[in-house]
Amino acid sequence: LMFLNAHDLTLLLLLLAFSAVVSLAFGYAVAAMLTSQIGALSRAAMRLASGDLATRVDARGSDELGRLATAFNDMAEQLQRAFHRERALEADRRELISAVSHDLRTPLSTTRAMVEALADGVVTDSADVQRYLSLILKENQHLNRLIDDLFELSQIDSGALRLARVPVDVAQLVSETVAAYHAPAAEHAVRLEESVADNVDARRVEGDPQRLQRVLRNLLDNALRYTPSGGTIQVRAGADGDQVQVSVSDSGSGVA
């Protein structure tokens, strides 16, 4: 600096001062922008934590904050989808419990009426007494199945349900299950038809036979409950490629 005259030294000092001012202004602007973006992310996180799952932030730029904002939006989107999915599952669960609770009242009321008739001596004929006792036994078995459904639902919710996967003879499963419904179908004047394709006999599906049978029994119970007298219930099993399909159809009113 000793070789600079006063004029040049003044210019140099002014230049250094200008550079410092520009640097400070640029640093302040960058800091303000970063602070604003971080503040926006913080406020969005607070809204998300309070339950506003529709919260999103403006994800602009390809820097670290831009990628962070994109990751935040992805997380919020997944949370919102999971929330809606959980609400739908909860609605289905409530509907199922309501339906099972309604179904529980019917056999209880029927059983109570028949027991009161027997206890009061309204029914005294031996054949009628035997028929009432048989109906009470069937209603009791139906109650047990409904209670098993509720217990299994609680197992599913808790993640404690374990399937016993073994080779299942689908043709035998269908035949044994349908055989148990011929008598109740005849009592309701409903024709029960069974059809198993030849290529199903040699096939074995891996699954839990007891729970597969419960599925089939639930479908048959529902079909028998809503098929009018003179109607038809058809149970079919057929192979398509490496898959086996079992269907239960009826001539009832159906569901829209």
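These numbers come from a predicted model, not from an experiment.

### Focus: the overall build of the chain
For the chain, the helix and strand inventory stands at seven helices and five strands. Along the chain, helices and strands appear, N-terminal first, in the series α-α-α-β-α-α-β-α-β-α-β-β. Relative to its length of 256 residues, the chain is extended, with a C-alpha radius of gyration of 36 Å against a globular reference of 18 Å. In the chain, which comprises 256 residues, the share counted as buried stands at 21%.

### Some points on the side chain of Thr177
On the secondary structure map, Thr177 appears in helix α4 (residues 170-179). At 3.1 Å, the side chain of Thr177 forms a polar contact with the side chain of Gln213.

### Digging into the environment of Val129
If you trace the backbone, Val129 turns up in helix α3 (residues 126-158). When its relative accessible area of 23% is taken as the criterion, Val129 is described as partly exposed. Linking Val129 and Ala117, residues 12 residues apart in sequence, is a C-alpha distance of 9.5 Å. Ignoring any residue separated from it by four or fewer positions in sequence, one finds Val129 in contact with Leu118, Val123 and Thr124.

### With respect to the nonpolar core
Val174, Leu192, Leu220, Leu224, Ile233 and Val235 are the most contacted members of the largest nonpolar core, which totals 16 residues. Of all the elements in the fold, those that place two or more residues in this core are α4, α7 (209-226) and β4 (232-240). With sequence-adjacent residues up to four places away left out, Leu220 is seen in contact with Thr177, Tyr181, Leu192, Ile233, Val235 and Val248. Grouped together as the second largest cluster of nonpolar side chains are nine residues, Val57, Leu65, Phe72 and Ala76 included.

Rules used throughout
- Residues numbered from 1 in each chain as written.
- Predicted model: local features only at pLDDT ≥ 70, side-chain atom pairs only at ≥ 80, totals over all residues.
- Heavy atoms only, no water.
- Helix = DSSP H or I, 4+ residues; strand = E, 2+ residues; numbered from the N terminus.
- Rg over C-alpha atoms; globule rule 2.2 N^0.38 Å.
- Buried < 20%, exposed > 50% of the residue type's maximum accessible area, 1.4 Å probe, protein only.
- Polar contact = N/O pair within 3.5 Å; in protein donor to acceptor, adjacent residues only side chain to side chain.
- Contact = heavy atoms within 4.5 Å.
- Core = buried A, V, L, I, M, F, W, Y, C linked by side-chain atoms within 4.5 Å.

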